[in-house]
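# A structural walkthrough
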Amino acid sequence: MNNRVKNALYSALLLTTIVAVWKWRNSSNTELQKIEGETMATTYHISYFDDQHRDFKKSVDSLLVLVNKSINTYDPTSDISTFNKSRKSFRFVLPYFYPPIKKSQEVVAASNGAFDPTVMPLVNAWGFGPAKQTVPDSARIDSLMAFIGFEKIQFNKDSIWKTDPRAQLDFGGIGQGYGADVITDFLKSKGIKNMLVELGGEGMACGINLKTNKPWELGILDPNSTHENQFFKAYVSLSDRSYTTSGSYFNYHEVNGRKYSHTINPETGFPAQHELLSASVFSKDCSTADAWGTALMVMGKDKAIAALKQHPEIDAFLIYSTPEGLNTFATEGIASAITF
């Protein structure tokens, strides 16, 4: 066999080997990893592609324990609970208190106070916090409104304090989004580029779904859904964007036949009541999306649409009621990614 034939055979063998290795690596990369668990009185589900097939569940659970230890008001020993009971300044113990309070400051200003984490006394009064379920009267609400307002909270990178000792914080409108951001940042630090993080129905879609070679697809619940019968109003395709849906689907009190939404309006002190049934928000990070979802649900349809026009960095899909039935609104930046 002459050298020319030998070289040709060698080249063919080498090419075959390269193709085989590429196919093996490609099939390895497209093997979807999944982990899930419970946190923040809800569940989390994470799907990701990792050619090393690593299981990050223990690390994720450990991170979420620390996040909860910082911002969970249902834990009487958490940092936020300690701060709420304190009349003095509180020095941050863990690094998971400062980021959500900083983000809260940004969204409070941008939303003109529609999002405000100082609603904790109102949340408790209406029975949506650790306190028992109740329906307070107007006099009780008026007394609580005296110490509602983000201006009563001051902080720096080391500590947080109150200008009114009765002020308290509730991260219920941003906490799950922040938890999703913490998970996403951790997985990115491990080299994960293609993943879908979901915590309590909100999270982050990074890269693409390598199984389909398309963006991640998520369903947006129809407001007519129930716990027993959940179905989607629309689907959205996402890549490198966060997502959250705020609404009163399941989280409400019913007293004497009247439903009370868990979304408290910090301007009136009463649960929000209007035609806006759900607000799905999409942004660069989930803390922002979560806080804005709360803000839009407080505003109602018309004010929400006006606010979105002033903030093109935020995209949203709104579902609202009309005399004729359900109707929807989508910002230009997300409309093309939504299918019904």
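Higher on the page you've got the structure.
Quantities reported herein were computed from a predicted structural model and do not represent experimental measurements.

### Section: the sheet that holds strand E9 (residues 232–238)
- Pairing in this open sheet of 3 strands is antiparallel, and the strands run E8-E9-E16 from one edge to the other. In this open sheet, the two strands that pair with only one neighbour each are strand E8 (216–221) and strand E16 (338–339).
- Sheet analysis places E9 next to E16, joined by 2 bridges and oriented antiparallel. Among the inter-strand pairings, Val236 is bridged to a residue of E16, identified as Ile338.

### Overview of the packing of helix H2 (residues 57–71) against helix H7 (residues 175–189)
- Between H2 and H7, the least distance of the axes is 10 Å, while the angle of their chain directions is 145°. For H2 against H7, the interelement crossing comes out right-handed. Contacts between H2 and H7 pair Ser59, Val60, Leu63, Leu64, Val67 and Ile71 from the former with Gly175, Tyr178, Gly179, Val182, Ile183 and Phe186 from the latter.
- Within the contact of H2 with H7, the residues separate by chemical class into 9 nonpolar, 3 polar and no charged.

### Some points on the packing of aromatic side chains
- Going through the model one piece at a time under the given rule, you end up with 12 aromatic pairs.
- Judged by centre distance (6.2 Å) and plane angle (65°), the rings of Phe92 and Tyr98 are edge-to-face.
- The class of Phe92 is buried, set by a relative accessible area of 13%.
- With 6.1 Å between their ring centres and 70° between their planes, Tyr98 and Phe155 make a pair best called edge-to-face. In this pair, Tyr98 is assigned in helix H4 (residues 98–110) and Phe155 in strand E4 (residues 153–155), connecting sequence segments 57 residues apart.
- Among the residues examined, Phe155 registers a relative accessible area of 16% and is labelled buried.

### Here we look at the environment of Asp61
- Secondary-structure assignment places Asp61 in helix H2.
- Separated by 17 residues in sequence, Asp61 and Tyr44 have C-alpha atoms that sit 10.0 Å apart.
- Reaching out from Asp61, the side chain makes a polar contact with the side chain of Tyr44 at a distance of 2.5 Å.

### Things to note about the nonpolar core
- Judged by nonpolar contacts, the single largest core of 62 residues is most densely connected at Ile160 and Leu296.
- A total of 9 residues in this core trace back to one element, the largest contributor, which is helix H8 (residues 286–299).
- Excluding its chain neighbours within four sequence positions, the residues that come into contact with Leu296 are Leu276, Ala279, Val281, Ala304, Leu308, Ala316 and Leu318.
- Counting 17 residues, the second largest nonpolar core, distinct from the first, contains Leu218, Ile220, Leu238 and Phe317.

### Notes on H2
- The end-to-end C-alpha separation of H2 is 21 Å, in line with the 21 Å expected for 15 residues at 1.5 Å each.
- If you check which residues of H2 are buried, you get Val60, Leu63, Leu64, Val67, Asn68, Ser70 and Ile71. All buried residues of H2 fall inside an arc of 155° around its axis, so they share one side. In H2, the exposed positions that point more than 90 degrees away from the buried face belong to Lys58 and Val65.
- Residues of H2 that are buried make contact with strand E1 (32–39), strand E2 (42–49), helix H3 (79–85), H4, H7 and strand E6 (195–199).

### Some thoughts on the packing of H8 against helix H9 (residues 301–310)
- The interhelical angle for the contact between H8 and H9, taken along N-to-C directions, is 135°, at an axis separation of 6 Å. Viewed along their axes, H8 and H9 adopt a mutual orientation that is oblique. Each of Trp292, Leu296 and Met299 in H8 lies in contact with H9, whose residues at this interface are Lys301, Lys303, Ala304, Ala307 and Leu308.
- Tallied by class, residues from the contact of H8 with H9 come to 6 nonpolar, no polar and 2 charged.

### Comments concerning the sheet that holds strand E3 (residues 90–91)
- Taken together, 3 strands build an open sheet; the order of strands is E3-E5-E4 and the sheet is antiparallel. Of all strands in the sheet, those with a lone pairing partner are E3 and E4, marking the two edges.
- Contacts between H4 and the sheet are confined to E4 and strand E5 (159–162), with E4 contributing the most and set at about 125° to the helix.

### Observations regarding the pattern of salt bridges
- Under the definition given, this model contains 9 salt bridges.
- The salt bridge partner of Asp75 is Lys69, with a shortest N-O separation of 3.3 Å.
- Judged by relative accessible area, Lys69 falls into the partly exposed class, the value being 35%.
- A network of salt bridges, in which partner residues are shared, links Lys103, Glu106 and Asp285.

### Things to note about unusual backbone geometry
- A positive phi angle, close to 55°, is found at His53, a residue other than glycine.
- As for its placement among the helices and strands, His53 is situated in the loop between E2 and H2.
- One non-glycine residue with positive phi stands out, namely Asp240, at about 55°.
- Structurally, Asp240 can be placed in the loop between E9 and strand E10 (241–247).

### Observations concerning the environment of Asn112
- Note on placement: Asn112 falls in the loop between H4 and helix H5 (120–125).
- Sequence separation between Asn112 and Ala307 is 195 residues, and the spatial gap between their C-alpha atoms is 9.5 Å.

Reading guide: rules and limits
- Residues numbered from 1 in each chain as written.
- Predicted model: local features only at pLDDT ≥ 70, side-chain atom pairs only at ≥ 80, totals over all residues.
- Heavy atoms only, no water.
- Pairing = 2+ DSSP bridges.
- Helix = DSSP H or I, 4+ residues; strand = E, 2+ residues; numbered from the N terminus.
- Axes fitted to C-alpha atoms, helices over the stretch in contact; angles between N-to-C directions.
- Left-handed = near helix turned anticlockwise from the far one by under 90°.
- Contact = heavy atoms within 4.5 Å.
- Nonpolar A, V, L, I, M, F, W, Y, C, P; charged D, E, K, R; others polar.
- Phe/Tyr/Trp six-rings, centres within 6.5 Å; stacked < 30°, edge-to-face > 60°.
- Buried < 20%, exposed > 50% of the residue type's maximum accessible area, 1.4 Å probe, protein only.
- Polar contact = N/O pair within 3.5 Å; in protein donor to acceptor, adjacent residues only side chain to side chain.
- Core = buried A, V, L, I, M, F, W, Y, C linked by side-chain atoms within 4.5 Å.
- Expected span 1.5 Å × (residues − 1).
- Arc of directions from axis to C-beta.
- Parallel < 35°, antiparallel > 145°, perpendicular 65-115°, else oblique.
- Salt bridge = Lys/Arg side-chain N within 4 Å of Asp/Glu carboxyl O.

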